[in-house]
Amino acid sequence: MEIATNIITLLLLLLVPGMCLGSHVDEQPRTVETLISYLETNESTTKECFARYLPQLENEGATWSKSYSSCLEIATTKRQSVVTDVAAAQNQIREAAMGIGAFIDDCLGVVDALDFFNCFAKMSKQQLATVYTISYNASEDALSLSQQLGTIEVQHYLCTNRTEHTYVEGTDRVFRDLDQCLQQNEEH
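Rules used throughout
- Residues numbered from 1 in each chain as written.
- Predicted model: local features only at pLDDT ≥ 70, side-chain atom pairs only at ≥ 80, totals over all residues.
- Heavy atoms only, no water.
- Helix = DSSP H or I, 4+ residues; strand = E, 2+ residues; numbered from the N terminus.
- Contact = heavy atoms within 4.5 Å.
- Disulfide = S-S within 2.5 Å.
- Buried < 20%, exposed > 50% of the residue type's maximum accessible area, 1.4 Å probe, protein only.
- Expected span 1.5 Å × (residues − 1).
- Bend = angle between axes of the 7 residues up to and from the residue.
- Phe/Tyr/Trp six-rings, centres within 6.5 Å; stacked < 30°, edge-to-face > 60°.
- Arc of directions from axis to C-beta.

**Examining the side chain of Gln127**
By the element assignment, Gln127 lies in helix H5 (residues 113-187). Here Gln127 is in contact with Ile100 and Phe103, once residues within four sequence places are set aside.

And the structure:
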């Protein structure tokens, strides 16, 4: 039992860094080569156990990597879509604000004091509704955008959490099967 635990610990020390660094699925990671070298000095049945279960561990890592990347890609696409969808509303607010800005610039250009004050008085009456509309629409759009982006973040978290859960369960199953295989070899 202690030998199996030591071998599993060695396997974790060798395998996990390679998985975290994102080994390519088509390439044989250095961890596999190192492990094979180590196993050449041990019993053939132990090698058989590792030969059977190591590819399963590699497969679990590759599946996790693909699933995690998919979660990230989906969230990024959804964020981009939401931002694209609000671009028209953003442009409408920008144009309305620029119209007010142009009116203010015109008033600022008035030299005569009476005309200056009358210009701003007239502007406030004419542009007040526009300012309130901008404020109302911007507040509504900001709240809606915030909720949509928040929903995307929650969905992204749930996706990655599900992916990690599946990975942990899968590797746990493989390690238990490997441990059982190694224990059977110790008994013989």
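**Describing the state of the cysteines**
Summed over all chains, the structure comprises three disulfides. Across the disulfide from Cys71 sits Cys159; the S-S distance is 1.9 Å. The sign of the -75° torsion about the S-S bond sets the Cys71-Cys159 disulfide as left-handed. In this pair, Cys71 sits in helix H3 (residues 44-85) while Cys159 sits in helix H5, placing the two residues 88 residues apart along the sequence. A residue is classified by how much of its surface remains accessible, and Cys159, at 18% relative accessible area, is buried. Disulfide partner of Cys107: Cys119, at an S-S distance of 1.9 Å. On the sign convention where negative means left-handed, the S-S torsion of about -80° between Cys107 and Cys119 marks this disulfide as left-handed. Of the two residues, Cys107 is situated in helix H4 (residues 87-108) and Cys119 in helix H5; the sequence distance between them amounts to 12 residues.

**Topic: H3**
Taking 1.5 Å per residue, 42 residues should reach 62 Å; H3 reaches 62 Å between its end C-alpha atoms and fits that length. At Tyr53, H3 shows its largest kink, close to 25°, and the proline Pro55 lies no more than four residues downstream.

**Some words on the side chain of Thr171**
Mapped onto the secondary structure, Thr171 falls in helix H5. Dropping the residues within four chain positions of it, Thr171 is found in contact with Leu57 and Glu60.

**Considerations on the packing of aromatic side chains**
Going through the model one piece at a time under the given rule, you end up with four aromatic pairs. Members of the aromatic cluster, joined through ring pairs, are Trp64, Tyr68 and Tyr167.

**Some points on H4**
An ideal rise of 1.5 Å per residue puts 32 Å on 22 residues; H4 measures up with 31 Å between its terminal C-alpha atoms. Those residues of H4 that sit buried are Ile100, Phe103 and Cys107. Each buried residue of H4 lies within a common arc of 55° when the element is viewed along its axis, so the set occupies one face. Exposed residues lying more than 90 degrees from the buried face of H4 are Ala88, Glu95, Met98, Asp105, Asp106 and Leu108.

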